[in-house]
Amino acid sequence: MLGSPSKARACSTQSHRIGSLAAGKQADLVMIRASDLNMQPVHDAVNSVGDVSDGTLANIDSVMVAGQWKKRHGQLLGVDLAPLTCRSCRPLAKK
């Protein structure tokens, strides 16, 4: 298990708020699409999550930070990427 009550106690004085999934606790979750071709074959789903070295950022389906979804079904939430994308492309367009 990547997160556990004992790890929370070792890393923080706030182990009453972190370290397990329970009502009232904070949670950071990353949901990985194990069905993607580059993640196959999955023989042992539980142990495969601990070693996602064959995965990429594209395999991340959803992310929750402190109980709030930041990415859901592959889409970032609450971020307008258009201005950032245009700004990063401007130097290339001038050439």
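Residues numbered from 1 in each chain as written. Predicted model: local features only at pLDDT ≥ 70, side-chain atom pairs only at ≥ 80, totals over all residues. Heavy atoms only, no water.

**Q** What am I meant to see in the sheet that holds strand β1 (residues 29–32) here?
**A** Within a beta sheet, neighbouring strands are joined by backbone hydrogen bonds and run either parallel or antiparallel to one another. Spatially, β1-β2-β3-β4 is the arrangement adopted by the four strands of the open sheet, whose pairing is antiparallel. At either margin of the open sheet sits one strand with a lone partner, and together these are β1 and β4 (75–76). In the sheet, β1 pairs with strand β2 (residues 60–65) via four bridges, with the strands oriented antiparallel. The residue of β2 that forms the bridge with valine 30 is valine 63. (Pairing = 2+ DSSP bridges. Helix = DSSP H or I, 4+ residues; strand = E, 2+ residues; numbered from the N terminus.)

**Q** Honestly, the pattern of salt bridges in this entry has me stumped. Any pointers?
**A** Side-chain pairing between opposite charges can occur once the charged atoms of the two side chains come close. On inspection of all chains with the given rule, the structure shows two salt bridges. Here arginine 33 ties to aspartate 61 by a salt bridge, and the two come within 3.2 Å at their closest N and O atoms. Placement of arginine 33 in the loop between β1 and α2 (45–50) and of aspartate 61 in strand β2 is noted, with a sequence separation of 28 residues between them. A residue is classified by how much of its surface remains accessible, and arginine 33, at 26% relative accessible area, is partly exposed. Beyond isolated ion pairs, a larger network of salt bridges with shared partners links Arg33, Asp36 and Asp61. (Salt bridge = Lys/Arg side-chain N within 4 Å of Asp/Glu carboxyl O. Buried < 20%, exposed > 50% of the residue type's maximum accessible area, 1.4 Å probe, protein only.)

**Q** What is the right way to read the environment of tryptophan 69 from this model?
**A** Within the secondary structure, tryptophan 69 is located in strand β3 (residues 68–72). Spatially, the C-alpha atoms of tryptophan 69 and leucine 29 are 9.0 Å apart, while their sequence positions differ by 40 residues. In this structure, tryptophan 69 is in contact with Met31, Ser62, Val63, Met64 and Leu77, ignoring residues within four places of it in sequence. (Contact = heavy atoms within 4.5 Å.)

**Q** Quick question: what am I supposed to make of unusual backbone geometry here?
**A** In terms of backbone geometry, most residues other than glycine have negative phi values and most peptide bonds are trans. In this structure, alanine 66 takes a positive phi of about 50° despite not being glycine. Positionally, alanine 66 belongs in the loop between β2 and β3. Here alanine 66 falls in the partly exposed class, since its relative accessible area comes to 37%.

**Q** Got a minute to help me understand the environment of isoleucine 32 in this structure?
**A** Take isoleucine 32: it is sitting in strand β1. Judged by its relative accessible area of 30%, isoleucine 32 falls in the partly exposed class. Considering only alpha carbons, one finds isoleucine 32 and aspartate 61, 29 residues apart in sequence, at a separation of 5.4 Å.

**Q** In this structure, what is going on with the pairing of β3? I would like to understand it.
**A** Each regular strand carries side chains that alternate between the two faces of the sheet. Both β2 and β3 contribute to a ladder of three bridges, which runs antiparallel. The residue bridging valine 65 from the neighbouring strand is glutamine 68, located in β3. Remark: two residues form the turn of the hairpin made by β2 and β3, two consecutive strands paired antiparallel; alanine 66 in that turn has positive phi of roughly 50°. Taken together, the two bridges between β3 and β4 define a ladder with antiparallel strand orientation. Looking at the pairing, arginine 72 lines up with glutamine 75 of β4. Taking the residues between adjacent antiparallel strands as the criterion, β3 and β4 are bridged by two residues, where histidine 73 takes a positive phi near 50°.

What is shown is where atoms sit, not what they do.
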